[in-house]
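# Structure at a glance
Here is what each chain is made of, one letter per residue.
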Amino acid sequence: MRLRSFVIALLLFAPWGLCFQASAQQVCGRCIRAHMDFLASDALRGRGSGTPDELIAATYIASELEQYGIEPLGDNGTFLQHAAVTNRKGEEVHTWNVVAKIPAREPLRPGTAVLLTAHLDALGVGKAVNGDDIYNGADDDASGSTAVLEFARFLATQPKPRRTIIFAWFGSEELGGLGSQYFRAHPPVPLKDVAAYLEFEMIGRPDPAVSQDTLWLTGWNRTNLGPALARHGAHLVADPHPAEHFFRRSDNYVFAEKGMIAQTVSSYGLHTDYHQPSDDLSHIDFKHMENVIGSLLRPILWLVNSEFVPQWNEGKQPNSSPLRAPSTPR
């Protein structure tokens, strides 16, 4: 009788467990390619900050989230957060964030949510270089936007997490982080409820300074988040370019200034196509993207189902400052 019960239990539960483990490693390569093909195409004219092309990119992302069955967190029950903001010159700019969530299986508790973000805009149409005037922004940051879309797709296929997951794609990052600053001022959930924030920027090409198919984390020594993710299988190491001060140069910083554990994941290797029309699909390493995104599926799944609370390392939390961080890595 005991043997029979054991066999029945094994048949009932083992397949689910095996499927769960396998699915945690499944990345949709075709999805990654499809998102990149659209977001970085000439049809979007470089997704210029605060332009109708940026709105098209935001609408595309929103339509994918609706297909995944993820809940909207934008204005009036939509996925879009419309922001009228003032740029550095004082020209009102209309920009769009995309905001969504996967709710926890229990009510949101303070300090437990996880926020995953990227910026959806690029430089638009500008000065022609070698006859090309569309600054496609394939690496910067269609690649990060695609990664967050793939995390959303994957996490939507899993059982409801222990923690609420917030997804955000910010507009007008290239104008000085306007979309992220608007989000910070108008968060869809209280920022005190967010335990960890990961921004994904420029992961479309490998960085020769680190091992193959590896990402790096800005501010690695500032918190215990990166080492924890690495222990759970993320191909993640310390930022190999400390002189570039990348921790301060992405959307994460406006949140880190307010005390949130907020860091950026990247594999930017200081390539010369940055902020050029040549940052296009022909320079994207799709195998690299597939491998590094895939390496983060299980660690992120662990994070959103764990009791782990990231902490600042002693003396490493940035001081609150009114200064605005530069828009992107330079």
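That block above? That's the structure.
Residues numbered from 1 in each chain as written. Predicted model: local features only at pLDDT ≥ 70, side-chain atom pairs only at ≥ 80, totals over all residues. Heavy atoms only, no water.

Next up on the list: the overall build of the protein. From N to C terminus, the protein includes eight helices and 11 strands. The buried share among the 330 residues of the protein stands at 55%. (Helix = DSSP H or I, 4+ residues; strand = E, 2+ residues; numbered from the N terminus. Buried < 20%, exposed > 50% of the residue type's maximum accessible area, 1.4 Å probe, protein only.)

We now examine the pattern of salt bridges. Scanning all chains against the criterion turns up seven salt bridges. Salt-bridge contacts for Glu 307 lead to Arg 162; the nearest nitrogen and oxygen are separated by 2.3 Å. Remark: Arg 162 occurs in the loop between helix H4 (138–156) and strand S7 (165–170) and Glu 307 occurs in the segment after helix H8 (286–303); sequence separation between them is 145 residues. Its relative accessible area of 46% is what places Glu 307 among the partly exposed residues. (Salt bridge = Lys/Arg side-chain N within 4 Å of Asp/Glu carboxyl O.)

This brings us to the packing of aromatic side chains. By the definition in use, this model includes 12 aromatic pairs. Seen in terms of ring centroids, Phe 183 and Phe 255 are 6.0 Å apart; in terms of plane orientation they differ by 65°. Their pairing is edge-to-face. Pair noted here: Phe 183 is in helix H5 (residues 178–185) and Phe 255 is in helix H7 (residues 252–256), with a separation of 72 residues, a long-range link. Seen from their ring centres, Phe 246 and Tyr 268 are 5.9 Å apart, and the 50° between their planes marks the pair as tilted. Of this pair, Phe 246 sits in the loop between strand S10 (236–238) and H7 while Tyr 268 sits in the loop between strand S11 (262–266) and H8, placing them 22 residues apart in sequence. Grouped by ring-pair contacts, the aromatic residues Phe 170, Phe 183, Tyr 197 and Phe 255 constitute a single cluster. (Phe/Tyr/Trp six-rings, centres within 6.5 Å; stacked < 30°, edge-to-face > 60°.)

This part covers the packing of helix H3 (residues 52–68) against H4. In the contact formed by H3 and H4, the axes pass within 10 Å of each other and the chain directions differ by 10°. Considering the angle they form, H3 stands roughly parallel to H4. Touching Tyr 60, Ile 61, Glu 64, Leu 65 and Tyr 68 of H3 are Leu 149, Ala 152, Arg 153 and Ala 156, all from H4. Partitioning the contact of H3 with H4 into residue classes produces seven nonpolar, no polar and two charged. (Axes fitted to C-alpha atoms, helices over the stretch in contact; angles between N-to-C directions. Parallel < 35°, antiparallel > 145°, perpendicular 65-115°, else oblique. Contact = heavy atoms within 4.5 Å. Nonpolar A, V, L, I, M, F, W, Y, C, P; charged D, E, K, R; others polar.)

We now examine the nonpolar core. Where a protein is soluble and globular, its nonpolar side chains tend to be buried together. Leu 65, Leu 116, Leu 155, Phe 167 and Trp 169 are the most contacted members of the largest nonpolar core, which has 78 residues in total. Other than its neighbours up to four places away in sequence, Leu 116 contacts Val 148, Phe 151, Leu 155, Ile 165, Ile 166, Phe 167, Ala 168, Leu 198, Phe 200 and Ile 300. Of all hydrophobic cores here, the second largest spans six residues; its members include Met 202, Trp 216, Phe 246 and Tyr 274. (Core = buried A, V, L, I, M, F, W, Y, C linked by side-chain atoms within 4.5 Å.)

With that out of the way, let us pick up the environment of Thr 117. Its place among the elements puts Thr 117 in strand S4 (residues 113–119). The spatial distance from the C-alpha of Thr 117 to the C-alpha of Tyr 197 is 7.7 Å, given a sequence separation of 80 residues. Beyond its immediate sequence surroundings of up to four residues, Thr 117 is in contact with Val 148, Ala 168, Phe 170, Tyr 197, Leu 198, Glu 199 and Phe 200. Among the polar contacts listed, one links the side chain of Thr 117 to the side chain of Tyr 197, at a separation of 3.0 Å. (Polar contact = N/O pair within 3.5 Å; in protein donor to acceptor, adjacent residues only side chain to side chain.)

Quick look at H4 now. Compared with the 27 Å implied by 1.5 Å per residue over 19 residues, the 25 Å span of H4 between its first and last C-alpha is a close match. Taken across its 19 residues, H4 has 18 buried, putting it largely inside the fold. (Expected span 1.5 Å × (residues − 1).)

Quick look at the state of the cysteines now. On inspection of all chains with the given rule, the structure shows one disulfide. Note that Cys 28 is cross-linked by a disulfide to Cys 31, the S-S spacing being 2.1 Å. Where Cys 28 bonds to Cys 31 through sulfur, the torsion about that S-S bond is close to 70°, and the disulfide is right-handed. A relative accessible area of 18% means that Cys 28 is categorised as buried. (Disulfide = S-S within 2.5 Å.)

Turning our eyes to something else, we now look at the packing of helix H2 (residues 29–39) against H3. The packing of two helices is summarised by the inter-axis angle and the distance between the axes. One way to put it is that H2 packs onto H3 with a least axis distance of 11 Å and a crossing angle of 155°. It follows from the interaxial angle that H2 and H3 lie roughly antiparallel. Judged by the sense of rotation from one axis to the other, the crossing of H2 with H3 is right-handed. Residues Ala 34, His 35, Phe 38 and Leu 39 of H2 pack against Ile 56, Ala 57, Tyr 60, Glu 64 and Tyr 68 of H3. Considering only residue class, the contact of H2 with H3 consists of seven nonpolar, one polar and one charged. (Left-handed = near helix turned anticlockwise from the far one by under 90°.)

Inspection of the secondary structure assignment puts Thr 95 in strand S3 (residues 92–102). Accessibility expressed as a relative area gives 0% for Thr 95, which makes it buried. Within the structure, the side chain of Thr 95 is placed 2.8 Å from the side chain of Glu 54, a separation counted as a polar contact. Aside from chain neighbours lying at most four places away, what touches Thr 95 is Gly 50, Glu 54, Gln 81, His 82, Ala 83, Val 85, Gly 171, Ser 172 and Gly 179.

A few words on the pairing of S4. The element S4 is extensively covered by neighbouring structure, given that seven of its seven residues are classed as buried. Residues of S4 alternate between two faces, with Ala 113, Leu 115, Thr 117 and His 119 on one and Val 114, Leu 116 and Ala 118 on the opposite face, all of them buried. Two strands pair when backbone bridges link them, and S4 and strand S8 (residues 194–200) are joined in this way by five bridges, in the parallel orientation. Bridging from a neighbouring strand, Thr 117 pairs with Glu 199 of S8. Bridge analysis of S4 against S7 gives six bridges, and the strand direction is parallel. For Ala 118, the partnering residue across the bridge sits in S7 and is Trp 169. (Pairing = 2+ DSSP bridges.)

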